[in-house]
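Spelled out, the chains give:
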Amino acid sequence: MNPTAALKPGLIGGTVVIYLAAIGMVERFQDRNVITGVVGLGVVLILLTIAIAAYTAARKGRTPMPTGALVGLVAGGMVALITLGFEGLINAGVDVRGMFVSITPGLLETLEFGLNPALGAIVMALAGGTTGLVAGGLVGLKDEHLRSSIVFAVSMTLLISLGEPILRVTLGNLGIPTNWLYELGGLTIAGTIITLLAGFGLRWWLMGRKEKRQEIAAHMPEDTRRTWGRASLIAAILALIALPWVVGPFVSDVLGTVGLYVLLGLGLNIVVGYAGLLDLGYVAFFAVGAYAAAIFTSPASFLVTEEGETFAAAGFTNIWFAFPFVVIIAVVIGAMIGAPVLRLRGDYLAIVTLGFGEIIRTLVLSDWLAPFLGGAQGLTRIPAAPPESFDLRNPQHIYYVILAFCFVAAYISYRLADSRVGRAWAAMREDEDVAEAMGISVVRYKLLAFAMGAGVGSLGGVFFAAKIGSIFPNSFGLQVSINVLAVIILGGIGSIPGVIVGAAALVGLPELLREFGEFRLLIYGAILIAIMIFRPEGLLPNKRRQRELHEGAGSAPVELPEGASPA
Amino acid sequence: MSEAILSLRHVSASYGPVRALEDISIDVNENEIVCLLGSNAAGKSTTLRTILGMTRASAGEIIFDGERIEHLTTPEIVSRGLTMVPENRRLFGKMSVRENLEIGANLRDDKKEIQEDIERVFLLFPRLKERIRQRAGTLSGGEQQMLAIGRALTARPKVLLLDEPSMGLAPILVEQVFETIEEINSQGTTIFVVEQNAHMALSIADRGYVLQTGSIVLSDTASNLLEHPQLSDAYLGEME
């Protein structure tokens, strides 16, 4: 073992911990119980950071356990020393908080485990060392089953603890008592032990069955497999239908927002993922959908004339009548925006579409169009759609509408990918000139991609308007385009399940992290960076994209499944 | 010359101010193999691009199957039965062999017909069938050339245009490729091949044209051209 090799990761781990403490994250997190009365989230954050540092270092070293322990000791020791340093400064009467606003007595107490400073420092160093030892030990563990089961059990326990706000409500709605599991926002001791054991047992059992399952799957006749596939699809759909009533209105609202992003993501996926046209102004179609829906339905719309002779009263006052027209308008506008940029490629296309997105936002904000689009005041009083018993303002209701349209969009995307059109897009994405020489009308297919993307995006806008009832220009900024693009990149470009996972991770996660206030975006950013480093192809990548990104060194001939999706 | 399936009459083309083709006239008769020879930058590829409408003819007429096509778009021209095997093959390297073949047939949407066309290509190139699921980019040079030709054939061309099929291939593979071209021709497809390798091209061709800096300087039957004393030095530069 090379001691100096452990120094660097240890110091990095320690620095990260100090950083997290100095920005106030540790103290804030400590308010949240992980195991009530035993450990708070702040301490878990520290130990987890050290564990990750030790684990990463141990995986490179030849002697994982001592390396891990040493890394943990260095990190823990560093934290302990700096804590002592701050303690000393405060005792000497230095105004530490003049510079480090978040170094509070509460934080120091956490870092010293509520003990006196000297003892606390020793405990911190030892805790770091022990954590590192365990992490290194895990790396050294020969038994794959055992290691995997331990990691799974700990992660599951942590997630169940963190998911308390949702899980308690959910289980409550299902009529399952939770007193034995949760207490004061954290797990009870008994709950912790049960969860750990259950997680360990579950993983152990699953891994034992894995090979057997694979064998069964390999020998399963084609139609049996298809039946199973269908059965699990139906089960998933039923679960999605039951979801809002199980999780309650707050989470349903989040799910609705996730659904909107799934819809937008599926639309943009056609443009970027299938046709390979980088569109940075996708918000334009979202805005067109929302504004067109509002104009058609709101009694404040300019279509409602003073004479009382109203277009709106003629039956267009509800979203159900309006949405097909809105989609048609969006498709036309999509083709109009697409037409002038057809000759542009790559970066240039991105810049021009970025401009289009901004133009739409500027237009809806402008005084010039204010009589029609409401300017900065936006368009309000978008009425509830009939029937009254199914009010779309209710997050548990709009969820179903969005879900239904997500299914439609996903089905269309799925069919497109493997169709003639999908193949043409794939060819165009790879080599536009040759695609043209092969007789593929690049112009037509580009327009088609823009128009379809616009249509789906406008649906997102329609139900966004229906969901919140009033729309304002600042809901349609560049941020939306970037977010939707991030959704499909995170999930894996060109992949439909990827869009869903991407939206859940990118839109759902921050909503659920709200509890952590100002640190929300920091955590979110860290997760994004981690994903892009470790899975550049996205969470659920499309097979071809994965090949593209992992190409290079010794790439063996890759066998494709027959009839693999060309997207 | 009325039976010509493809003819270029006094065609000129330019890239901006640079004249690439100057008043060239070429006739390709049905079931013939015609080759267009020339050194680098003589305008060979431009001729093919102009036929397919990817470069616009600035003057002259292009007649295919009795109709003028110089004003049509590339997809329209391809759908009428003119398909190109591009220079350097330019396969869709990240797609499988099968997907590449399907792209060739993409103008039609009859799955059964497409499957038949693909089977026909496999008859011609059994090697491709073995590699049906493999990524096109991982094929060897010779296999890639086969696939590029196969991709063009699934479009069911009346006239197959080939841009330097010998480029970058070992001599033995070049021979194979040209044998295949002859075979495709014998099955009823007219061939118009652009080549630098004059001897190889003339050995299978019925007639040939020689292009020099954008103009046709010689045209004759293949056998006459092969015996032409100055062909190699005067018009084609060095030859293999």
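Residues numbered from 1 in each chain as written. Chains lettered and ligands numbered in written order. Predicted model: local features only at pLDDT ≥ 70, side-chain atom pairs only at ≥ 80, totals over all residues.

(A) Broad picture of the overall build of chain B. What chain B contains, in helices and strands, is ten helices and ten strands. Radius of gyration (C-alpha) of chain B: 17 Å, near the 18 Å computed for a compact globule of 240 residues. Across its three principal axes, chain B shows a C-alpha extent of roughly 45 × 40 × 35 Å. Buried positions account for 50% of the 240 residues belonging to chain B. Counting only contacts in chain B whose residues sit at least 6 apart along the sequence, the fraction spanning at least 24 positions is 68%. (Helix = DSSP H or I, 4+ residues; strand = E, 2+ residues; numbered from the N terminus. Rg over C-alpha atoms; globule rule 2.2 N^0.38 Å. Buried ≥ 20, exposed ≤ 12 C-beta atoms within 10 Å, placed from the backbone. Contact = placed C-beta atoms within 7 Å.)

(B) Just the interface of chain A and chain B, in detail. Contact residues are listed per partner, giving 24 residues for chain A and 26 residues for chain B. Per element, the largest residue contribution to the side of chain A that touches chain B is six residues, and it comes from helix α16 (residues 420–430) of chain A. When grouped by side-chain class, the residues that make up the side of chain A that touches chain B number twelve nonpolar, two polar and ten charged. (Nonpolar A, V, L, I, M, F, W, Y, C, P; charged D, E, K, R; others polar.)

(C) Structural context of the nonpolar core. All names here are of chain A. In terms of nonpolar packing, the biggest core is built from 180 residues, with L263, Y291, A293 and A449 touching the most fellow members. Not counting chain neighbours up to four residues away, the residues in contact with A449 comprise I270, V271, Y274, A275, L277 and W425. If you look at the next biggest cluster of nonpolar residues, it comprises 50 residues, including A53, V74, L107 and L187. (Core = buried A, V, L, I, M, F, W, Y, C linked by C-beta atoms within 7 Å.)

(D) Representation of unusual backbone geometry. Residue and element names in this part refer to chain B. In this model, H10 sits at a positive phi of 50°, which is unusual for a non-glycine residue. Tracing the sequence through the fold places H10 in strand β1 (residues 4–15). Look at H10 and you get exposed, because 12 C-beta atoms sit within 10 Å. Positive phi outside glycine occurs at D65, with the angle close to 55°. Residue placement: D65 occurs in the loop between β4 (59–64) and β5 (67–68).

(E) View of the sheet that holds strand β2 (residues 18–29) of chain B. Residue and element names in this part refer to chain B. Here four strands make up an open sheet; going across it, the order is β2-β1-β4-β5 and the pairing antiparallel. Every interior strand has two partners, whereas the edge strands, β2 and β5, have only one. Summarising the sheet, β1 and β4 pair through five bridges and their orientation is antiparallel. Across the sheet, the residue bridging to S12 is A59, located in β4. Its contacts with the sheet put helix α1 (residues 44–51) on β1, β2 and β4, and the angle it makes with β2 is roughly 70°. (Pairing = 2+ DSSP bridges. Axes fitted to C-alpha atoms, helices over the stretch in contact; angles between N-to-C directions.)

(F) Fine view of the sheet that holds strand β3 (residues 33–37) of chain B. Residues and elements named next belong to chain B. Strand order in this open sheet of six strands is β6-β7-β8-β3-β9-β10, and the pairing throughout is mixed. Looking at which strands have only one partner, the edges of the open sheet turn out to be β6 (82–85) and β10 (215–221). Each neighbouring strand pair of the sheet contributes to a mean axis angle of 20°, computed without reference to strand direction. With respect to the sheet, helix α7 (residues 171–186) is in contact with β3, β7 (159–163) and β8 (190–195), its orientation differing from that of β8 by roughly 155°.

(G) Representation of the environment of E67 of chain B. Looking at the element boundaries, E67 of chain B is found in strand β5. In this structure, the C-alpha to C-alpha distance between E67 of chain B and I5 of chain B, residues 62 residues apart in sequence, is 9.5 Å.

(H) How the structure looks around the domain arrangement of chain A. Residues and elements named next belong to chain A. Splitting chain A by domain gives domain 1 (3–214) and domain 2 (240–477). A straight line from the C-alpha centre of domain 1 to that of domain 2 covers 44 Å. Of the residues belonging to the side of domain 1 that touches domain 2, the class tally is three nonpolar, two polar and no charged. (Domains from an automatic or database assignment.)

(I) Representation of helix α4 (residues 111–124) of chain B within the structure. All names here are of chain B. Over its 14 residues, α4 extends 20 Å from the first C-alpha to the last, a length consistent with the 20 Å expected when each residue adds 1.5 Å. For α4, every residue scored as buried is listed here: D117, I118 and V121. Looking straight down α4, one finds that the buried residues subtend no more than 100° of arc, so they occupy a single side. Facing away from the buried side of α4, by more than 90 degrees, are the exposed residues K112, E119 and L123. As for α4, its buried residues are in contact with α3 (97–104), α5 (126–130) and α6 (141–153). (Expected span 1.5 Å × (residues − 1). Arc of directions from axis to C-beta.)

(J) Region of the structure containing the environment of E22 of chain B. Residues and elements named next belong to chain B. Secondary-structure assignment places E22 in strand β2. On a C-alpha basis, the gap between E22 and R98 in space is 40 Å, while along the polypeptide they are 76 residues apart. When near neighbours in sequence (up to four residues on either side) are disregarded, E22 contacts S12, G214 and S215.

(K) Representation of the packing of helix α3 (residues 41–60) of chain A against helix α6 (residues 117–140) of chain A in the model. Residue and element names in this part refer to chain A. Contact geometry for α3 and α6: axes closest at 8 Å, N-to-C directions at 45°. Overall, the two elements α3 and α6 adopt an arrangement that is oblique. Note that α3 runs across α6; the crossing there is right-handed. Contacts from L47, I50, A51, A54, Y55, A58 and R59 of α3 reach α6 at A127, G128, T131, G132, A135, G136, L138 and V139. Class assignment for the residues of the contact of α3 with α6 results in ten nonpolar, four polar and one charged. (Parallel < 35°, antiparallel > 145°, perpendicular 65-115°, else oblique. Left-handed = near helix turned anticlockwise from the far one by under 90°.)

(L) Representation of helix α20 (residues 496–512) of chain A. All names here are of chain A. Its 17 residues give α20 an end-to-end C-alpha distance of 23 Å, which sits within 8% of 24 Å, the value for a rise of 1.5 Å per residue. By the burial criterion, the buried members of α20 are I496, G498, V499, I500, V501, G502, A503, A504, A505, L506 and V507. Those residues of α20 hidden inside the fold are in contact with α10 (222–274), α15 (395–417) and α19 (478–491).

(M) Fine view of the pairing of β7 of chain B. All names here are of chain B. Burial analysis of β7 places five of its five residues in the buried class, which makes it a mostly covered element. Alternating residues of β7 divide into V159, L161 and D163 and L160 and L162, and every residue in both groups is buried. Across four bridges, β6 lies against β7 in parallel orientation. Looking at β7, one finds that M84 is bridged to L161. Two elements, β7 and β8, share five bridges in a ladder whose sense is parallel. Each bridged residue has a counterpart across the sheet, and for D163 the counterpart in β8 is V194.

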